[in-house]
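Okay, here's what each chain looks like letter by letter:
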Amino acid sequence: MELALAILKRLNLVPVPLLDGQMQVVKARAIMEANRAGVFHAIGTEGPGLTPKEIAEKVGFSEEGITILLKALAGTGYLKVKDGKYRNGRWVKHWILDPKHSLHHMLILQMYTYKRLEGLGENLKTGRPQMDFHQADVANPQASALQGTYTYGMREAARLIIPDLLKRVSIPAGSKRFLDIGGAHGEYSRSFTKRFGLQSTVMDLGGPISTATKIMEKEGNVENIELKVGNCLQDDLGTDWDVILLCNMVHLFDPQQNLELFKKCKAALRPGGTLLCVDQFVGISGQRDRIFAVVSLNFFNVGGKSYEASQMRELLTEAGLSRTEVKPLGLTTPASLIQAYA
Ligand SMILES: C[S@@+](CC[C@H](N)C(=O)[O-])C[C@H]1O[C@@H](n2cnc3c(N)ncnc32)[C@H](O)[C@@H]1O
């Protein structure tokens, strides 16, 4: 089906703008609504599947509503249907229901992203974001819910990046002190402390740090991890760090802010210490460029963009860092690591 459609698109025999502008939007909403309402969880992974009536009762939908949603999800390959019973397909089982790989919060986060992008036109016109997404007032319950979802969602994405990052990174011998700037959920700090025997400080804004505190209280394994509220653009980063991580940070900022941040990191590292900059850089492969050309619009809506790896290397060099090296990460997540030394 997907292959047939790809061929028809290549031959220009189907109305591609209509498929992209209408079908993709409705499809995305169907998946997000099913995830939010717990349809996939209600169906579960065992047994011959459930009828629409059984699923409707579990999630509190009308039978008519659930039937139309289930048909749409079966049509897009997320569900399988046989003898009137619906089962989850393998994408759902792996990427939503399996706790190790689940993108449940990431999909909820996309519902916020969807609303935020309603302002994209104005944002493109003015060239500026309409709001400071990261400085949301966390005393406001809606903003606080968004912050929590954001941090849990980023944590799910981190689990896609971490295995490759641990393989590709070089940690200088004797390293002890690790600063995870914008480290939010603390997942990178957990893996780095465990793998390389480091002591870590996660620095982030108040909202993510309060979510990280809840995660750490619940899940333990927090030896050697300190959580600290701080604004990396305004506050002191300390000194004598062996390793500093900026993961998914530079796409939030403009080039001048990134240059200032790199200078602060250089000053905060011990001589020979290393800066790890992980992001969705362009200029590494055609496939990555095509993905990030689209994703960049989302980043632009909050004040940044997907940067050329070469531009970031130039800024790192200007900030006084040396031996910059680009290391693409794996296929599951097309991010790349740029590693540099103080
Ligand atoms: C895209 S998330 C990345 C989180 C984490 N590093 C990861 O890759 O999963 C960006 C993080 O940067 C934090 N952040 C944004 N601006 C910041 C600032 N000025 N100082 C510190 N943290 C900031 C956000 O709160 C958020 O947790």
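Predicted, not measured: the structure shown is a model, and the values here were computed from it.

Before going further, it helps to spend a moment on the pattern of salt bridges. Summed over all chains, the structure comprises nine salt bridges. Across the salt bridge formed by Arg155 and Glu187, the nearest N and O atoms sit 2.9 Å from each other. Placement of the pair is Arg155 in helix H9 (residues 141-168) and Glu187 in helix H10 (residues 187-196), with a sequence separation of 32 residues. Overall, the relative accessible area of 7% leaves Arg155 in the buried class. With relative accessibility at 11%, the residue Glu187 sits in the buried group. The network of salt bridges with common partners includes Arg155, Arg159, Glu187, Arg190 and Glu219.

Before going further, it helps to spend a moment on the packing of aromatic side chains. Aromatic ring pairs are reported here in terms of the distance separating the ring centres and the angle at which the planes meet. With the rule as written, the count across this model stands at three aromatic pairs. When the ring of Phe178 is compared with that of Phe192, the centres are 4.8 Å apart and the planes differ by 5 degrees; the resulting orientation is stacked. Of this pair, Phe178 sits in strand S3 (residues 177-181) while Phe192 sits in helix H10, and the two are 14 residues apart along the sequence. Here Phe178 matches Phe192 in class, with each residue buried. Of the aromatic side chains, those joined through ring pairs into one cluster are Phe178, Phe192 and Phe196. A cation over an aromatic ring shows up here: Arg29 above the ring of Tyr114, its NZ or CZ 4.5 Å from the ring centre. It is Arg323 that lies over the ring of Tyr341; its NZ or CZ is 3.9 Å from the centre.

Next up on the list: a nonpolar patch on the surface. Together, Leu3, Ile7, Leu8, Leu11 and Leu13 make up a nonpolar patch on the protein surface, roughly 520 Å² of accessible area in all. As for its placement among the helices and strands, Leu11 is situated in the loop between helix H1 (2-10) and helix H2 (16-37).

You can read the domains of the chain as domain 1 (2-102) and domain 2 (120-165 + 173-341). Just the C-alpha atoms count here: the centres of domain 1 and domain 2 sit 33 Å apart. Counting residues at the interface gives four residues for domain 1, matched by four residues for domain 2. Taken together, the two surfaces of domain 1 and domain 2 that pack against each other cover about 250 Å², and 51% of this comes from carbon and sulfur. At the boundary of domain 1 and domain 2, one finds zero residue pairs in polar contact (both at pLDDT 80 or more). Class assignment of the residues belonging to the side of domain 1 that touches domain 2 gives a composition of two nonpolar, one polar and one charged.

Glancing now at the nonpolar core. Of all hydrophobic cores here, the largest spans 37 residues; its most connected members are Ile181, Ile244, Phe262 and Leu275. If you list the elements that add at least two residues to this core, you get helix H7 (104-116), H9, S3, strand S6 (241-247), helix H12 (255-268), strand S7 (269-279), helix H14 (309-318) and strand S9 (336-341). The element that contributes the greatest number of residues to this core is H12, accounting for five residues. Core analysis: the second largest hydrophobic core is formed by 22 residues, Ile31, Ile55, Leu70 and Ile96 among them.

With that out of the way, let us pick up the site of the ligand. The environment of the ligand is formed by 19 residues, the closest being Gly182, His185, Asp204, Asn231 and Cys247. Separating a nitrogen atom of the ligand from a backbone N or O atom of Gly182 is a distance of 2.8 Å. Between the ligand and the protein, one listed contact pairs a nitrogen atom with a side-chain N or O atom of Asn231 at 2.8 Å. Protein chains shield 97% of the accessible area of the ligand, which is 590 Å² for the free molecule. When its residues are assigned to classes, the shell around the ligand shows twelve nonpolar, six polar and one charged.

Here we come to the packing of H9 against helix H11 (residues 206-219). Look at H9 against H11: their axes get within 9 Å of each other, and the N-to-C directions meet at 60 degrees. If you check the angle between H9 and H11, you find them oblique. Remark: the crossing between H9 and H11 carries right-handed chirality. Side by side, H9 and H11 meet where Gln147, Gly148, Thr151, Tyr152 and Arg155 of the first sit next to Pro208, Thr211, Ile215 and Glu219 of the second. Here the residues of the contact of H9 with H11 are counted per class, giving three nonpolar, four polar and two charged.

Thresholds, definitions, all that
- Residues numbered from 1 in each chain as written.
- Predicted model: local features only at pLDDT ≥ 70, side-chain atom pairs only at ≥ 80, totals over all residues.
- Heavy atoms only, no water.
- Salt bridge = Lys/Arg side-chain N within 4 Å of Asp/Glu carboxyl O.
- Helix = DSSP H or I, 4+ residues; strand = E, 2+ residues; numbered from the N terminus.
- Buried < 20%, exposed > 50% of the residue type's maximum accessible area, 1.4 Å probe, protein only.
- Phe/Tyr/Trp six-rings, centres within 6.5 Å; stacked < 30°, edge-to-face > 60°.
- Lys NZ or Arg CZ within 6 Å of the ring centre and 35° of its normal.
- Patch = residues over 30% accessible without salt bridge, like charges linked within 9 Å, V, L, I, M, F, W, Y side chains within 5 Å.
- Areas by Shrake-Rupley, 256 points an atom, 1.4 Å probe, with all protein chains shown as cover.
- Domains from an automatic or database assignment.
- Contact = heavy atoms within 4.5 Å.
- Buried area = accessible area lost by both parts, 1.4 Å probe.
- Polar contact = N/O pair within 3.5 Å; in protein donor to acceptor, adjacent residues only side chain to side chain.
- Nonpolar A, V, L, I, M, F, W, Y, C, P; charged D, E, K, R; others polar.
- Core = buried A, V, L, I, M, F, W, Y, C linked by side-chain atoms within 4.5 Å.
- Near = heavy atom within 4 Å.
- Axes fitted to C-alpha atoms, helices over the stretch in contact; angles between N-to-C directions.
- Parallel < 35°, antiparallel > 145°, perpendicular 65-115°, else oblique.
- Left-handed = near helix turned anticlockwise from the far one by under 90°.

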